[in-house]
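# Coordinate inspection notes
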Amino acid sequence: MGSVSINKLEASHRQLVQAIKCFFNSEDVVAIHTLAAAARQILHDICVASGIKRDLEDSEEFVALDRESQKKFLRGIKELQNFLKHADKDPEGELEFNSELTELFIYDACQLYRNINGKLFKEGMVFQLWMFKKYPEKFGGTEGVKKAVPDIDVAPHPDKLYEYVKLLKIER
């Protein structure tokens, strides 16, 4: 394969694209989470270093939490991420895995990428469309989603992942 020169933004982009493709192809959720968490961490770090808004940690809801609640929330995010990367402290460890957290990581990583780059790549747009369709209540309800995506009604049902795979294959 040889060597390749890559910057952090490109590395996170590649990880995120693969995580999204694997997600819509119903591949291994642990591998998907590992890719998404790695991409999210890079993008988060770029935002912090550059003073760019982070939709999750800079949100009014998060900022309104007391310091201890903020720490607990962030520890919860890191716990699974670290469990999937390290075994030095708990080589026999086990953890309950909630795949909905993976969806949040992918969504948040897409938002971070957009905040850094000013635009989102095709796979990220398809994933966000799926999130809007699956969880409209998290995005201002049906009316809030329709404001963001006027044609949301023609999007495939969120249970039909294969329809989203087709969207990934459309050339822009």
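Read on for an overview of the structure. (Residues numbered from 1 in each chain as written. Predicted model: local features only at pLDDT ≥ 70, side-chain atom pairs only at ≥ 80, totals over all residues. Heavy atoms only, no water.)

## Quick word on the nonpolar core
Counting residues in hydrophobic clusters, the biggest one holds 39 residues, and the most contacted among them are L16, I20, F23, F24, I106, F127 and W130. Looking at this core, the elements with two or more residues in it are α1 (8-24), α2 (29-50), α5 (100-117), α6 (122-134) and α8 (161-169). Those residues in contact with F24, other than ones at most four positions away along the chain, are V126, F127, W130, L161, Y164, V165 and L168. (Core = buried A, V, L, I, M, F, W, Y, C linked by side-chain atoms within 4.5 Å. Buried < 20%, exposed > 50% of the residue type's maximum accessible area, 1.4 Å probe, protein only. Helix = DSSP H or I, 4+ residues; strand = E, 2+ residues; numbered from the N terminus. Contact = heavy atoms within 4.5 Å.)

## Some thoughts on the packing of aromatic side chains
Both the distance between ring centres and the angle between the ring planes are used here to describe each pair of aromatic rings. The tally for this structure, following the rule as stated, stands at 11 aromatic pairs. Taking 5.3 Å as the distance between ring centres and 75° as the angle between the ring planes, the aromatic pair formed by F23 and F127 counts as edge-to-face. Of this pair, F23 sits in helix α1 while F127 is found in helix α6, placing the two residues 104 residues apart along the sequence. Of the residues examined, F23 reaches a relative accessible area of 12% and is grouped as buried. Taking the centre distance of 5.5 Å and the plane angle of 10° together, the rings of F24 and Y164 count as stacked. Of the two residues, F24 sits in helix α1 while Y164 sits in helix α8, which places them 140 residues apart along the sequence. Each member of the pair, F24 together with Y164, is buried. Members of the aromatic cluster, connected to one another through ring pairs, are F23, F24, F127, W130, Y135 and Y164. Positioned over the ring face of F105 is R40, at 5.5 Å from the centre of the ring. (Phe/Tyr/Trp six-rings, centres within 6.5 Å; stacked < 30°, edge-to-face > 60°. Lys NZ or Arg CZ within 6 Å of the ring centre and 35° of its normal.)

## Considerations on the side chain of S12
Note that S12 resides in helix α1. Given the relative accessible area of 0%, S12 is considered buried. Beyond its immediate sequence surroundings of up to four residues, S12 is in contact with A39, I42 and L43.

## Overview of the packing of α6 against α8
The interhelical angle for the contact between α6 and α8, taken along N-to-C directions, is 150°, at an axis separation of 9 Å. Judged by the inter-axis angle, α6 sits roughly antiparallel to α8. For the pair α6 and α8, the crossing hand works out as right-handed. Counting all contacts with α6, which are made through K122, E123, V126, L129, W130 and K133, the residues of α8 involved are L161, Y164, L167, L168 and K169. When its residues are assigned to classes, the contact of α6 with α8 shows seven nonpolar, no polar and four charged. (Axes fitted to C-alpha atoms, helices over the stretch in contact; angles between N-to-C directions. Parallel < 35°, antiparallel > 145°, perpendicular 65-115°, else oblique. Left-handed = near helix turned anticlockwise from the far one by under 90°. Nonpolar A, V, L, I, M, F, W, Y, C, P; charged D, E, K, R; others polar.)

## Some remarks on the environment of M131
One can find M131 in helix α6. By relative accessible area, which is 5% here, M131 ends up buried. With 27 residues separating them in the primary sequence, M131 and P158 have C-alpha atoms 7.9 Å apart. In contact with M131, not counting residues within four places along its chain, are E103, Y107, P136 and F139.

## Notes on the packing of α1 against α8
Put simply, α1 and α8 touch, their axes get as near as 8 Å, and they point 140° apart. As far as their axial angle goes, α8 and α1 are oblique. In this structure, α1 uses I20, K21, F23 and F24 to contact α8, whose residues at the interface are L161, Y164, V165 and L168. A per-class count over the contact of α1 with α8 returns seven nonpolar, no polar and one charged.

## What about the pattern of salt bridges?
Tallying each qualifying case throughout the model produces five salt bridges. Salt-bridge contacts for D108 lead to R40; the nearest nitrogen and oxygen are separated by 2.7 Å. With D108 in helix α5 and R40 in helix α2, the pair connects residues that are 68 residues apart, well separated along the chain. R40 carries the same exposure label as D108, and that label is buried. Residue D153 pairs with K146 through a salt bridge whose shortest N-O separation is 2.8 Å. Here D153 falls in the exposed class, since its relative accessible area comes to 53%. A residue is classified by how much of its surface remains accessible, and K146, at 28% relative accessible area, is partly exposed. (Salt bridge = Lys/Arg side-chain N within 4 Å of Asp/Glu carboxyl O.)

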